[in-house]
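Topology and contacts: notes
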Amino acid sequence: MSGHTPGPWMAGEPAWYRGRSDPSAGKRSITAATDGVVANVYGEANARLIAAAPAPPAALQDVDLRATQARIAAGIGKKKDRTAFLLGELARIGVDTFIRVGSTGALHAHMQLGDLVISTGAVRLDGASKDLVMPEYPAVAHYEVVMALIQAAEELKVRYHVGITASTDTFYTGQGRPALGGYLPSFKEHILEDMQKAGVLNFEMEVSALLTAANIFGKRAGAVCVVIANRVTDEFQITDAMEKNAGAVASLAVTILAKWDKEKEKKGKKFLYPDILT
């Protein structure tokens, strides 16, 4: 792996990915943090981070990443500090594009279970990102990743929403739910209502750290999460099919980004804009 020695965080936590890829991806890379069964990630109870380092094989269809040269699989779970740490470590070996794929809770009644949320940015209600930079620093998704995810969702005909996500450190009090014994501090009593009024689409627990770290280190990042709960309608459901939709959209987005990168390179442009694709 380009002379990089895997750290202990890589050991003992295998994950595999049987999704779609494309030989045109070249040196471009993808990191997908997944909750449970996403894009045919089987048998993993916790979230996983899967990263493709430079020089991938010709195709990845039904290929076990653990047997693939220059591939890394490591656990993330709900540890945002590890997310930020791994981004920096993976960037050292050439990974340049990161997409979180996971599950989320919707904050508005019109959002249906199974819909996808494509994050344009995140409210930093976590602690890990504040260790990286001042709270005023924005957690913003890369516009190319956002557009690629939107196009992928359109091509796959999956319902989606685009907007701001809120990332928290805790599942209960952090998202305005009473914890053990009904405990809910006063400063969290109105967090759900406040986020709804501000137009925030969803709660989850990792996007803010990923986007903050990616911007600091000059990498592309974005997120797509499937709605498995709605805080307004009080619905909950999670199925393999729902989660696989999120993984399929992220995987197709990687192929789309690779094609766009080639167009930029061909025309000698650093940034993507509409006329490049015409």
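The structure contained in this document is the topic of the report that follows. (Residues numbered from 1 in each chain as written. Predicted model: local features only at pLDDT ≥ 70, side-chain atom pairs only at ≥ 80, totals over all residues. Heavy atoms only, no water.)

**Observations concerning the overall build of the protein chain**
Cut-off, in case you're wondering: Secondary structure elements are defined from DSSP: runs of H or I of at least 4 residues count as helices, runs of E of at least 2 residues count as strands, and each element is numbered from the N terminus. Note on classification: 1.4 Å probe, protein chains only; a residue is buried when its accessible area is under 20% of the maximum for its type, exposed when over 50%, partly exposed between these limits. Note on contacts: a residue pair qualifies if any of its non-hydrogen atoms lie within 4.5 Å across the two residues.
Helices and strands together make up the secondary structure of the protein chain, namely 6 helices and 10 strands. Evaluated residue by residue, the protein chain yields a buried proportion of 54% over its 278 residues. In the protein chain, once contacts between residues fewer than 6 apart in sequence are set aside, the share between residues at least 24 apart is 77%.

**Some details on unusual backbone geometry**
Residues other than glycine predominantly adopt negative phi, and peptide bonds predominantly adopt the trans conformation. Look at K157: it is not a glycine, yet its phi comes out positive at around 55 degrees. You can see K157 is positioned in the loop between α3 (143-155) and β7 (160-168). Phi angles above zero are rare outside glycine, and D234 is one such case at about 60 degrees. One can find D234 in the loop between β9 (220-230) and β10 (235-236). Its relative accessible area of 72% is what places D234 among the exposed residues.

**Some points on the packing of aromatic side chains**
How we decide: Aromatic pairs are defined between Phe, Tyr and Trp rings, using the six-membered ring for Trp, whenever the two ring centres lie within 6.5 Å; interplanar angles under 30 degrees are classed as stacked, those over 60 as edge-to-face, and all others as tilted. Ring-over charges, as used throughout, are those where CZ of Arg or NZ of Lys falls within 6 Å of the ring centre and within 35 degrees of the ring normal.
According to the stated counting rule, one finds 1 aromatic pair in the structure shown. For the pair F171 and Y172, a centre-to-centre distance of 5.1 Å together with 90 degrees between the ring planes defines the contact as edge-to-face. Residue Y172 is classed as partly exposed on the basis of its relative accessible area, which comes to 46%. In this structure, R177 is placed above the aromatic ring of F171, and the distance from its NZ or CZ to the ring centre is 4.1 Å.

**Let's talk about the pairing of β9**
Defined as follows: Any two strands are treated as partners once DSSP identifies two or more bridges connecting them.
Of all 11 residues in β9, 11 are buried, a share of seventy percent or more. With 10 bridges connecting them, strand β4 (residues 97-106) and β9 associate as parallel partners. Bridge pairing in β9 places G105 opposite A229. Bridge count for strand β5 (residues 116-125) against β9 is 3 bridges, and the pairing is antiparallel.

**Observations concerning the nonpolar core**
The test is simple: We call a set of buried Ala, Val, Leu, Ile, Met, Phe, Trp, Tyr and Cys residues a nonpolar core when their side-chain atoms join them within 4.5 Å.
Judged by nonpolar contacts, the single largest core of 43 residues is most densely connected at F98, I99, L116, L149, L211, V224 and V249. Looking at this core, the elements with two or more residues in it are α1 (80-92), β4, β5, α3, α5 (207-216), β9 and α6 (240-266). Examining the composition of this core, we find that 10 residues originate from one element, α6, more than from any other. Setting aside residues no more than four positions away along its own chain, L116 makes contact with V158, R159, Y160, H161, V224, C225, V226, N245, A246 and V249. Membership of the second largest hydrophobic core comes to 7 residues, among which are L107, I191, L192 and M195.

From the geometry alone we can't say anything about function, so treat these as descriptive.
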